[in-house]
Amino acid sequence: MILIGWIIIGLIASRLYKRQLEKPVFWKVIIIILAGFFTFSIKLDVFGQVAQISILPLGVWILYALLSKNKETWQKYRMFAWLGFGANFILLILFVVGILINYLLYPPGDPSTYISNVEDAYIINTHPTAHESTILKENVIDLIQDAKQQNYFSHSWYNETVMESDKTTERFPYMLENTHPKWGSGLHTTVYLEEKGKGILITTQDKQYYFQTEHPLLEEGNK
């Protein structure tokens, strides 16, 4: 979407350039547009992403101070300076649209966003309490897709982790390796499985998600 935004900005600049009877210097037009980008802006959280909203056209003011001494020069480049300022809003709108599209394609509450392919997946034991012979069930992908998101680190988890710290068990003694998230998501995940095989803890670059399945994902293999 950002690439589309730059294409739109380029097309607008091209149209403005062609409308000029006296053509301005092309490389100066590019510099003027980039200088117009310079603004005083505020940052807001938009669906978990940081977006910058331009408030004051500092670049346009600076260009005006430099070029307004020659009215013809300022008139020639003024629209490109304002295009640079307006380009911030073009990119902002497309940035938000891109976030919404990404949210629809890769919903954070859907476990298949993080685990969509387990053909070559295998279990790694991360704690001595894990069963050595544990394997994945054949229909594990169906079980994962039906999993429901639950609260992460609930009161019971707190009691187990903090209040009962002398316990020797590990809530997530298994790691599910060689899984793949949904194609195109760009996610990098680490997947942990609960001791009873019904809980899935997924760690991404910046968040953690906890899902529970109705039936266990694990079964005892041949020793």
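All of the points below concern the structure found in this document. All chains use their own residue numbering, which begins from 1 and follows the written sequence. Only residues with pLDDT of at least 70 get local features here, since the model is predicted, and only at 80 or more are side-chain atom pairs given and counted; chain-wide, interface and lining totals rely on the full set of residues. Hydrogens and water molecules were not included; the side-chain quantities draw on all heavy atoms of the structure.

1. Remarks on the pairing of strand β2 (residues 49-56)
Examined bridge by bridge, strand β1 (residues 40-46) and β2 share 7 bridges and lie antiparallel to one another. Each bridged residue has a counterpart across the sheet, and for phenylalanine 40 the counterpart in β2 is leucine 56. One requirement defines pairing of two strands: DSSP has to find at least two bridges between them. Helix and strand assignments come from DSSP, with helices taken as H or I runs of at least 4 residues and strands as E runs of at least 2, each series counted from the N terminus. Here β1 folds back onto β2, and the loop between the two strands holds 2 residues, one of which, phenylalanine 47, carries a positive phi near 55°.

2. Examining the layout of surface pockets
Think of a 1 Å grid over just the protein atoms. A cavity is a set of points where a 1.4 Å probe fits yet cannot get out, a pocket is an open set with protein on both sides within 12 Å along at least five of seven lines, and lining residues have an atom within 4 Å of a point. Grid points are joined across faces, edges and corners, and a volume is the space filled by probe spheres set on the points. In this structure, the largest pocket spans a volume of roughly 600 Å³. Around the largest pocket sit 21 residues that line it, and Phe47, Gln49, Asn102, Leu187 and Tyr209 are the ones nearest its centre. With 5 residues, helix α4 (residues 71-105) is the largest single contributor of residues to the lining of the largest pocket. Residues are grouped as follows: Ala, Val, Leu, Ile, Met, Phe, Trp, Tyr, Cys and Pro are nonpolar; Asp, Glu, Lys and Arg are charged; every other residue, Gly included, is polar. The class makeup of the residues in the lining of the largest pocket is 10 nonpolar, 9 polar and 2 charged.

3. A closer look at the packing of aromatic side chains
Each pair of aromatic rings taken from Phe, Tyr and Trp, with Trp reduced to its six-membered ring, is defined by centres within 6.5 Å and is described as stacked if the planes are under 30 degrees apart, edge-to-face if over 60, and tilted in the remaining cases. The tally for this structure, following the rule as stated, stands at 8 aromatic pairs. Residues tyrosine 64 and tryptophan 74 carry aromatic rings whose centres are separated by 5.3 Å and whose planes lie at 75° to one another, so their mutual orientation is edge-to-face. Linking tyrosine 64 in helix α3 (residues 58-67) with tryptophan 74 in helix α4, this pair joins segments that are 10 residues apart in sequence. The buried label goes to any residue with under 20% of its type's maximum accessible area, the exposed label to any with over 50%, and the partly exposed label to all in between, with areas taken from a 1.4 Å probe on protein chains only. Assessed through its relative accessible area of 45%, tyrosine 64 is described here as partly exposed. Relative to tyrosine 210, the ring of phenylalanine 172 lies with its centre 6.1 Å away and its plane at 85°, an arrangement referred to as edge-to-face. Pair noted here: phenylalanine 172 is in the loop between α6 (155-163) and β6 (174-177) and tyrosine 210 is in strand β9 (residues 208-212), with a separation of 38 residues, a long-range link. The pair formed by phenylalanine 172 and tyrosine 210 is uniform in burial state, with each residue classed as buried. Cluster of aromatic residues (ring-pair linked, three or more members): Trp82, Phe85 and Phe89.

4. A look at the pattern of salt bridges
The salt bridge definition used is simple: a Lys or Arg side-chain nitrogen within 4 Å of an Asp or Glu carboxyl oxygen. Taken as a whole, this structure holds 2 salt bridges when the rule is applied. With a shortest N-O distance of 3.4 Å, lysine 76 and glutamate 22 are connected by a salt bridge. Here glutamate 22 lies in the loop between α1 (2-19) and α2 (26-36) and lysine 76 lies in helix α4, a separation of 54 residues in the sequence. Across the pair glutamate 194 and arginine 171 runs a salt bridge, and its minimum N-O distance is 2.9 Å. Of this pair, glutamate 194 sits in the loop between β7 (190-193) and β8 (199-203) while arginine 171 sits in the loop between α6 and β6, and the two are 23 residues apart along the sequence. Accessibility expressed as a relative area gives 25% for arginine 171, which makes it partly exposed.

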